Amino acid sequence: MEDGYQNRTAFIKGYYRGDSTARNDDEGGHSDSTEGHDEDDEIYEGEYQGIPRADSGKGSLAGGPGSMTTGGQEFRDIDVSDAQRQKDKEELAQQYETILQECGHGKFQWTLYFVLGLALMADGVEIFVVGFVLPSAEKDMCLSEPNKSMLGLIVYFGMMVGAFLWGALADRIGRRQSLLISLSINSIFSFFSSFVQGYSTFLFCRLLSGVGIGGSIPIVFSYYSEFLAQEKRGEHLSWLCMFWMIGGIYASAMAWTIIPHYGWSFQMGSAYQFHSWRVFVLVCAFPSVAAIAALNAMPESPRFYLENGKHDEGWMILKQVHDTNMRGKGHPEKVFSVTTIKTVKPVDELVDIGTDTPVWQRYQLKIMSLSQQIRKNILACFSPEYKRTTFMLMAVWFTMSFSYYGLTVWFPDMIKYIQKQEYDSRTKTFTKERVEHVTFNFTLENQIHSHGYYFNDKFLNLKMKSMVFENSVFEECYFEDITSTHTFFKNCTFIASLFYNTDLFKYRFVDCKLVNSTFLHNKEGCVLDFSDDFNNAYMIYFINFLGTLAVLPGNIVSALLMDKIGRLRMLAGSSVISCVSCFFLMFGNSESGMIALLCLFGGISIASWNALDVVTVELYPSDKRTTAFGFLNALCKLAAVLGISIFQSFVGITKALPILFAAGALAAGSFLATKLPETRGQVLQ
């Protein structure tokens with residue numbers, strides 16, 4: 001590898017100060033950065049040296065033979081053959097790697113690490129938000145089972161669209177700009193979703209919030225990779241993955257702290273209610289807002305600029321990286337020695353030849369041009385050169401996502417099912433009881449009353465939870481201020497009874513007869529009450545907290561070994577171990593056992609995800625990187641929706657099929673991963 005590094009150094013030698021002959025012979029342009037200095041002149045870091053220029057990469061904007069003068073905003077084809085462009089890209093890749101070696105790894109990369117980590121953290125938070133608020137939101141919005149299912153899946157649909165959209169845009173308008181726009185959309189609609197009252201508007205806001213955050217993963221990894229030299233890339237991209245875990249921990253901790261405190265709420269009549277779960281939704285937007293604020297202080301990827309023929313912008317950012325790192329290491333006197341950098345000439349370029357064209361037409365041309373370029377980029381991922389790689393990665397992303405998301409949602413559902421079975425086993429049954437002139441003013445819970453007779457009884461200011469009355473008669477009874485959950489009257493008869501200020505709506509009376517009975521001032525909407533589920537809420541948040549924290553060892557191991565054993569060994573090995581661990585699920589017959597298995601599976605499988613993120617970044621060239629990553633991440637979210645839907649359908653029916661599905665998918669993914677090309681030790685294309 002040392003020989004390869006020396007060859008690259010010799011190859012780009014002419015781009016550095018001190019080799020003017022080679023520099024003048026290069027077609028990329030010349031630099032005036034040392035003009036006015038003799039060879040022995042001392043150059044100080046603070047002295048303005050001018051910006052090196054690559055003049056041949058620029059062209060006249062109008063009047064030249066390559067320009068078109070038939071409209072206000074038109075295209076100019078820079079007649080460069082594909083072979084020449086490919087040669088330029090290869091030269092840039094080699095030189096760029098050597099420049100990153102000179103810049104070193106230091107303060108700049110660590111600052112960017114934390115900034116992009118906030119964006120990745122926001123993605124981790126988004127995954128958990130709806131799951132945590134759903135038990136509360138379903139009561140607040142009176143959600144039916146289909147509505148609850150849609151609300152649980154809507155974020156994945158949004159992220160699927162967002163990953164594809166923002167990934168494609170980032171290759172055309174820049175990584176930083178695309179990430180800022182996507183995070184802004186996420187922040188705005190996360191904020192709105194905490195205040196809207198209706199189910200439809202809440203669903204719409206969460207959808208657009210998901211669209212916004214969908215761009216986070218494809219852009220963040222591509223953006224950060226373009227500031228990392230090859231010997232640091234795998235390790236530090238894996239360290240970056242830890243912020244997804246931190247996002248999950250943050251969401252669990254905030255839910256644990258905020259949601260059960262049902263006193264943190266206010267309402268304006270019966271039309272507007274702001275309960276504690278809405279405070280939680282609002283707090284979950286903070287990582288995204290913080291990422292936007294921090295990202296404004298960071299520059300665009302210099303690799304993006306150089307790939308699009310913007311020499312000066314790319315050179316200035318690389319100089320900033322170098323100077324920041326040198327100051328951080330205590331060597332501020334070291335000067336950035338690069339004078340010119342190879343740039344890739346863009347195939348299509350918009351040319352402004354006048355101001356007479358209407359504004360709307362200019363924007364129309366820009367959008368059309370951008371759409372064509374995005375379409376071309378997507379099709380390029382399926383060109384003969386990348387077709388095999390793309391299809392292999394599609395299969396690996398799909399199988400891993402199908403099994404991972406399917407199982408991670410199946411685990412909590414199985415735990416809830418086990419809890420329900422245990423709860424049902426404690427149900428008390430009362431038959432043929434006769435109760436007269438009795439006042440009930442205490443909580444009634446988990447009981448079945450059959451063939452009873454109740455005469456002149458009063459049910460006052462009480463809660464009914466999981467109560468069933470069957471084939472019973474209520475005569476001259478009075479119900480006031482009743483709050484109920486999972487409570488039903490089946491085939492009962494009510495004679496001369498009065499219901500005042502209760503939530504006993506019609507659907508709670510199944511095949512019942514109401515004779516001379518009256519309902520007055522029924523409660524409106526669904527009543528939000530956390531007190532009954534206080535301990536259960538803490539358990540849900542605690543389980544998710546443990547499951548998220550369990551990936552920490554896997555993150556550490558993958559970061560330390562990624563550049564030592566290679567991406568493919570890490571990906572395939574972790575997938576195989578995850579596949580084997582699936583069969584231990586058969587022994588999870590208790591709540592504690594299922595929690596332990598959830599932690600085990602999460603801790604093992606995270607290494608596969610880290611390796612997959614790294615290898616996806618490294619297998620595509622810079623001008624297609626976020627497009628390909630976004631497309632694959634969108635496919636990942638589609639697989640997640642399928643996995644969640646299929647695995648949930650087996651809860652309470654069988655364990656065997658979900659386990660076999662997950663194990664089979666992981667086995668197929670690990671086999672296909674071995675067929676991918678290894679990217680360890682290679683320059684970023």
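Owing to the predicted nature of the structure, the values given are computational and were not obtained by experimental measurement. (Residues numbered from 1 in each chain as written. Predicted model: local features only at pLDDT ≥ 70, side-chain atom pairs only at ≥ 80, totals over all residues. Heavy atoms only, no water.)

### Focus on the overall build of the protein
Right, so step 1: In terms of helices and strands, the protein carries 22 helices and 18 strands.
Right, so step 2: With 685 residues in all, the protein has 52% of them scored as buried.
Right, so step 3: Approximately 29800 Å² of the protein is accessible, and the part contributed by carbon and sulfur atoms is 60%. (Helix = DSSP H or I, 4+ residues; strand = E, 2+ residues; numbered from the N terminus. Buried < 20%, exposed > 50% of the residue type's maximum accessible area, 1.4 Å probe, protein only. Areas by Shrake-Rupley, 256 points an atom, 1.4 Å probe, with all protein chains shown as cover.)

### With respect to the sheet that holds strand E11 (residues 473–475)
Right, so step 1: Across the sheet, which stays open at both edges, the 5 strands sit in the order E6-E9-E11-E14-E17 with parallel pairing between neighbours. For this open sheet the edge positions go to strand E6 (434–436) and strand E17 (513–515), each flanked by a neighbour on one side alone. Strand-to-strand twist of the sheet, defined as the mean angle between neighbouring strand axes without regard to direction, takes the value 5°.
Right, so step 2: In this sheet, E17 lies alongside strand E14 (residues 493–495) in parallel orientation, the contact comprising 3 bridges. When the sheet's bridge partners are listed, Phe 494 is paired in E17 with Leu 514. (Pairing = 2+ DSSP bridges. Axes fitted to C-alpha atoms, helices over the stretch in contact; angles between N-to-C directions.)

### Some thoughts on the packing of helix H4 (residues 107–140) against helix H8 (residues 216–225)
Right, so step 1: Closest axis-to-axis distance for the H4/H8 pair is 9 Å, and the angle between their directions is 170°. With respect to H8, the axis of H4 lies roughly antiparallel. Two secondary-structure elements touch here, H4 through Gln 109, Leu 112, Tyr 113, Leu 116, Ala 119, Leu 120 and Asp 123 and H8 through Ser 216, Ile 217, Val 220, Phe 221, Tyr 223 and Tyr 224.
Right, so step 2: Counted by class, the contact of H4 with H8 contains 10 nonpolar, 2 polar and 1 charged residues. (Parallel < 35°, antiparallel > 145°, perpendicular 65-115°, else oblique. Contact = heavy atoms within 4.5 Å. Nonpolar A, V, L, I, M, F, W, Y, C, P; charged D, E, K, R; others polar.)

### Examining empty space enclosed by the protein
Right, so step 1: With the rule as written, the count across this model stands at 3 cavities of 30 Å³ or more.
Right, so step 2: Lining the largest cavity are 15 residues, with Ile 217, Trp 244, Tyr 405, Trp 609 and Asp 613 sitting closest to its centre.
Right, so step 3: Taken together, the elements giving at least two residues each to the lining of the largest cavity come down to H8, helix H16 (387–424), helix H20 (591–619) and helix H21 (625–648).
Right, so step 4: Here the lining of the largest cavity takes 4 residues from H20, the largest share from any one element. (1 Å grid on protein atoms, 1.4 Å probe; cavity = no way out; pocket = protein on both sides within 12 Å on 5 of 7 lines; lining within 4 Å. Points joined across faces, edges and corners; volume = space filled by probe spheres on them.)

### Notes on the environment of Gln 421
Right, so step 1: Take Gln 421: it is sitting in helix H16.
Right, so step 2: The exposure class assigned to Gln 421 is partly exposed, which follows from its relative accessible area of 43%.
Right, so step 3: Sequence separation of Gln 421 and Gly 652 is 231 residues, and the distance between their C-alpha atoms is 9.7 Å.

### Overview of the pattern of salt bridges
Right, so step 1: A complete count under the given rule lists 16 salt bridges for this structure.
Right, so step 2: Notably, a salt bridge pairs Lys 342 with Glu 91, separated by 3.8 Å at the nearest N-O pair. Residue Lys 342 is found in the loop between helix H14 (311–328) and strand E4 (348–352), and its partner Glu 91 is found in helix H3 (residues 82–103); the two are separated by 251 residues along the sequence.
Right, so step 3: A relative accessible area of 10% means that Lys 342 is categorised as buried.
Right, so step 4: Classification of Glu 91 as buried rests on a relative accessible area of 14%.
Right, so step 5: With a closest N to O distance of 2.7 Å, Asp 323 and Lys 319 form a salt bridge. Here Asp 323 pairs with Lys 319, and both are found in helix H14, just 4 residues apart, close to one helical turn. (Salt bridge = Lys/Arg side-chain N within 4 Å of Asp/Glu carboxyl O.)

### Focus on helix H12 (residues 286–295)
Right, so step 1: Listing the buried residues of H12 in full gives Pro 287, Ser 288, Ala 291, Ile 292 and Leu 295. The buried residues of H12 occupy an angular sector of 140° when the element is viewed end-on, so they sit on one face.
Right, so step 2: If you follow the buried residues of H12, they end up packed against H4, helix H6 (175–193), H8, helix H10 (242–258) and helix H11 (276–283). (Arc of directions from axis to C-beta.)

### With respect to the pairing of strand E10 (residues 458–470)
Right, so step 1: Across 2 bridges, strand E7 (residues 439–440) lies against E10 in parallel orientation. Each bridged residue has a counterpart across the sheet, and for Thr 439 the counterpart in E10 is Lys 458.
Right, so step 2: Pairing geometry for strand E8 (residues 444–450) and E10, over 6 bridges, is parallel. Across the sheet, His 449 pairs through a bridge with Phe 469, a residue of E10.
Right, so step 3: Of the pairings in the sheet, the one linking E10 to strand E13 (residues 488–490) comprises 3 bridges and is parallel in character. Note that in E13 the partner of Glu 470 across the bridge is Lys 490.

### Quick word on unusual backbone geometry
Right, so step 1: Phi at Asn 456 takes a positive value of approximately 55°, unusual for a residue other than glycine.
Right, so step 2: Mapped onto the elements, Asn 456 comes out in the loop between strand E9 (453–455) and E10.
Right, so step 3: With a phi angle near 55°, Ser 466 is a residue other than glycine that sits in the positive phi range.
Right, so step 4: By the element assignment, Ser 466 lies in strand E10.

### Focus: the packing of H20 against H21
Right, so step 1: Taken N-terminus to C-terminus, the directions of H20 and H21 make an angle of 145°; their axes are 9 Å apart at the nearest point. Where H20 abuts H21, its residues Trp 609, Asp 613, Thr 616 and Val 617 lie against Arg 625, Phe 629, Leu 632 and Cys 636.
Right, so step 2: For the contact of H20 with H21, the residue count by class is 5 nonpolar, 1 polar and 2 charged.

### Some details on the packing of aromatic side chains
Right, so step 1: What the rule picks out here adds up to 54 aromatic pairs.
Right, so step 2: On the basis of an interplanar angle of 10° and a centroid distance of 6.3 Å, the ring pair of Phe 398 and Phe 402 is categorised as stacked. In this pair, Phe 398 and Phe 402 both sit in helix H16, 4 residues apart, roughly one turn of the helix.
Right, so step 3: By relative accessible area, Phe 402 is classed as buried at 13%.
Right, so step 4: Put simply, the rings of Phe 440, Phe 442, Tyr 454, Phe 459, Phe 469, Phe 474, Phe 479, Phe 489, Phe 494, Phe 499, Phe 509 and Phe 519 pair up and form one aromatic cluster.
Right, so step 5: Cation over ring: Arg 303 sits above Tyr 96, and NZ or CZ is 5.0 Å from the ring centre. (Phe/Tyr/Trp six-rings, centres within 6.5 Å; stacked < 30°, edge-to-face > 60°. Lys NZ or Arg CZ within 6 Å of the ring centre and 35° of its normal.)

### Considerations on the pairing of strand E12 (residues 478–485)
Looking down a regular strand, the side chains alternate between one sheet face and the other.
Right, so step 1: In this sheet, E12 lies alongside E10 in parallel orientation, the contact comprising 7 bridges. Along E12, the bridge assignment pairs Phe 459 with Phe 479.
Right, so step 2: With 4 bridges connecting them, E12 and strand E15 (residues 498–502) associate as parallel partners. Bridge assignment links Glu 480 to a residue of E15, and that residue is Tyr 500.

### Here's the deal with helix H22 (residues 656–673)
One full turn of an α-helix is made of 3.6 residues, so residues set three or four places apart face in the same direction.
Right, so step 1: Taking 1.5 Å per residue as the helical rise, H22 with its 18 residues ought to reach 26 Å, and the 26 Å between its terminal C-alpha atoms agrees with that figure.
Right, so step 2: All buried positions along H22 are accounted for by Pro 658, Ile 659, Ala 662, Ala 663, Ala 665, Leu 666, Gly 669, Ser 670 and Ala 673. For H22, the angular spread of the buried residues around the axis is 165°, confining them to a single face. In H22, the exposed positions that point more than 90 degrees away from the buried face belong to Leu 660 and Phe 671.
Right, so step 3: The secondary structure elements touched by the buried residues of H22 are H16, helix H19 (567–582), H20 and H21. (Expected span 1.5 Å × (residues − 1).)

### Some points on the confidence of the model for the protein
Right, so step 1: Across the protein, the average pLDDT comes to 80, with 82% of residues at or above 70.
Right, so step 2: Mean pLDDT values for the elements of the protein range from 40 in helix H2 (residues 20–25) up to 95 in H12.
Right, so step 3: Counted against residues more than four places away or in other chains, residues 54–80, with its pLDDT under 50, gives 60 contacts.
Right, so step 4: Here residues 528–532 is a poorly scored stretch, pLDDT under 50, and it has 16 contacts once near neighbours within four places are set aside; other chains count. (pLDDT = per-residue confidence, 0-100.)

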